[in-house]
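Descriptive analysis of the structure
Residues per chain, in single letters:
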Amino acid sequence: MIYADTPLTPEIRAVAALTWGVTGNGERLHGGEESAAYQLDGHVIRVGPVGRPIAETEWCHAVARHAAATLPEAVAPVPTPDGATVVMVAGRPISCWPYVEGGWPDSDVPAQRAAGARLLARLHTSLATFRPPPRPVPAFQESGLYGDPPQDALELGDPALDRWLAEFHARHPLRHPLHGDYYTGNTLARDGGIVAVLDWDETFVGAPEVELAAASLEWGDDEVGPSREFVAAYHEAGGTAGELDEEALAQLVRHKLRREYAYFRKAARAGVRHDEEDLEYHRARVALFHKLRP
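Residues numbered from 1 in each chain as written. Predicted model: local features only at pLDDT ≥ 70, side-chain atom pairs only at ≥ 80, totals over all residues. Heavy atoms only, no water.

1. Observations regarding the packing of helix H4 (residues 159–171) against helix H7 (residues 246–269)
- Two elements in contact, H4 and H7, have axes whose closest approach is 11 Å; the angle formed by their N-to-C orientations is 115 degrees. Note on packing geometry: the crossing formed by H4 with H7 is left-handed. Where H4 abuts H7, its residues Leu161, Asp162, Trp164, Leu165 and Phe168 lie against Glu247, Ala248, Gln251, Leu252, Arg254, His255 and Arg258.
- Partitioning the contact of H4 with H7 into residue classes produces six nonpolar, two polar and four charged. (Axes fitted to C-alpha atoms, helices over the stretch in contact; angles between N-to-C directions. Helix = DSSP H or I, 4+ residues; strand = E, 2+ residues; numbered from the N terminus. Left-handed = near helix turned anticlockwise from the far one by under 90°. Contact = heavy atoms within 4.5 Å. Nonpolar A, V, L, I, M, F, W, Y, C, P; charged D, E, K, R; others polar.)

If you want it as structure tokens, here you go:
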């Protein structure tokens, strides 16, 4: 997948130096889709997409900061001298974060998969008492979550799934902030343990079961056995989500897959070029959406 280049401009460098005292050449870090990250002087400067409202970014950062107060692995932004966490430069939200050494964990390794589940459980526990104001802009994952057919994924229309989601949320009233995109690429591992949770741009308030199911898909590599192991390890660690039967796990995963479909289409419209490997992955995820239909 080839994303549009987001440069570390002289204007952004000047703001980083003036606001946070961060200077250096700037090494582009791997990953990032809508945002880009550069390592400078022991910190990371994140350059967000044009048009993202500052209020939305600050809201997400508030969730990260709350988690970091009790969870050592939660990486929170460095505040500016006036206590904010975002500075706008040419329409882009700019933020500064501590740099954490590490690499992506391997979800094929059972010990690392279990560690990811236990960390998610502790993350949910740390966020369960936080009551932020309403999110300024709905998160991408929220579209269709409560039973309204998502208009950006009409090709995967499924009235039965829509009804099930509405009924599920009526039966599961617990809501608290969620990371929103908890997969291996947003965590870092070192010396066999997971040391960081990154990238809070998609955080939102929702039922923890929604995130548990989505994470089990990602950390289980689309396989039922490893996914179930992830869910079991999460519950053993005392996470806030309730038990998920086979239907609930499948339907919540299907919501996640439908949002992925919508994001793929959104990226293509924005000019992202997908290679054959990306297209094959996309086709496999759509096939899984249909295969998991109860």
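Having seen the structure, we can now continue with the description.
2. Overview of unusual backbone geometry
- Although it is not a glycine, Asp41 sits at a positive phi angle of roughly 55 degrees.
- As for its placement among the helices and strands, Asp41 is situated in the loop between strand S2 (36–40) and strand S3 (43–47).
- Backbone geometry places Asp191, a non-glycine residue, at a positive phi of 55 degrees.
- Assignment of secondary structure puts Asp191 in the loop between strand S7 (187–190) and strand S8 (193–197).

3. Observations regarding the side chain of Glu56
- Along the chain, Glu56 falls in helix H2 (residues 54–68).
- At 3.0 Å, the side chain of Glu56 and the side chain of Arg135 are in polar contact.
- Residues in contact with Glu56, not counting those within four places in the same chain, are Arg135, Pro136 and Val137. (Polar contact = N/O pair within 3.5 Å; in protein donor to acceptor, adjacent residues only side chain to side chain.)

4. What to know about the packing of aromatic side chains
- Per the stated rule, a full pass over the model turns up four aromatic pairs.
- Note on Trp164 and Phe168: the rings are 5.0 Å apart at their centroids and 20 degrees apart in plane angle, and the pair reads as stacked. Separated by four residues within a single helix, Trp164 and Phe168 lie in helix H4, roughly one turn from each other. The same class applies to Trp164 and to Phe168, which are both buried.
- Taking the centre distance of 5.6 Å and the plane angle of 20 degrees together, the rings of Tyr182 and Trp219 count as stacked. Remark: Trp219 occurs in helix H5 (residues 208–219) and Tyr182 occurs in the loop between strand S6 (176–178) and S7; sequence separation between them is 37 residues. A single burial state applies to Tyr182 and to Trp219, both of which are buried.
- Joined through ring pairs, the aromatic side chains of Tyr182, Trp219 and Phe230 make up one cluster.
- It is Arg254 that lies over the ring of Phe289; its NZ or CZ is 4.2 Å from the centre. (Phe/Tyr/Trp six-rings, centres within 6.5 Å; stacked < 30°, edge-to-face > 60°. Buried < 20%, exposed > 50% of the residue type's maximum accessible area, 1.4 Å probe, protein only. Lys NZ or Arg CZ within 6 Å of the ring centre and 35° of its normal.)

5. Overview of the nonpolar core
- Ranked by size, the top nonpolar core spans 60 residues in total, and within it Leu120, Leu123, Tyr182, Trp200, Leu212, Phe230 and Leu252 carry the most contacts.
- When contributions to this core are tallied by element, the ones reaching two or more residues are H2, helix H3 (110–127), H4, S8, H5, helix H6 (224–236), H7 and helix H8 (276–291).
- Among the elements that line this core, the one with the most residues is H3, at eight residues.
- Discounting residues that sit within four places of it in the chain, Phe230 has contacts with Arg113, Gly116, Ala117, Leu120, Tyr182, Leu212, Ala215, Ser216 and Trp219. (Core = buried A, V, L, I, M, F, W, Y, C linked by side-chain atoms within 4.5 Å.)

6. Observations concerning the pattern of salt bridges
- Taken as a whole and assessed by the stated rule, the structure comprises 18 salt bridges.
- Between Arg113 and Glu229 there is a salt bridge, and its shortest N-O distance comes to 2.6 Å. Of this pair, Arg113 sits in helix H3 while Glu229 sits in helix H6, and the two are 116 residues apart along the sequence.
- Its salt-bridge partner being Asp158, residue Arg293 comes within 2.7 Å of it at the nearest N-O pair. Of this pair, Arg293 sits in the segment after H8 while Asp158 sits in the loop between H3 and H4, placing them 135 residues apart in sequence.
- Since its relative accessible area comes to 4%, Asp158 is described here as buried.
- Residues participating in the shared-partner salt-bridge network are Arg46, Arg52, Asp199 and Asp201. (Salt bridge = Lys/Arg side-chain N within 4 Å of Asp/Glu carboxyl O.)

7. Some points on the sheet that holds strand S5 (residues 92–98)
- Taken in spatial order, the five strands of this open sheet run S1-S2-S3-S5-S4, and their pairing is antiparallel. Each end of this open sheet is capped by a strand with a single partner; those strands are strand S1 (27–28) and strand S4 (87–89).
- Pairing of S3 with S5 involves five bridges; the strand directions are antiparallel. When the bridges of S5 are listed, Ile45 appears paired with Cys96. (Pairing = 2+ DSSP bridges.)

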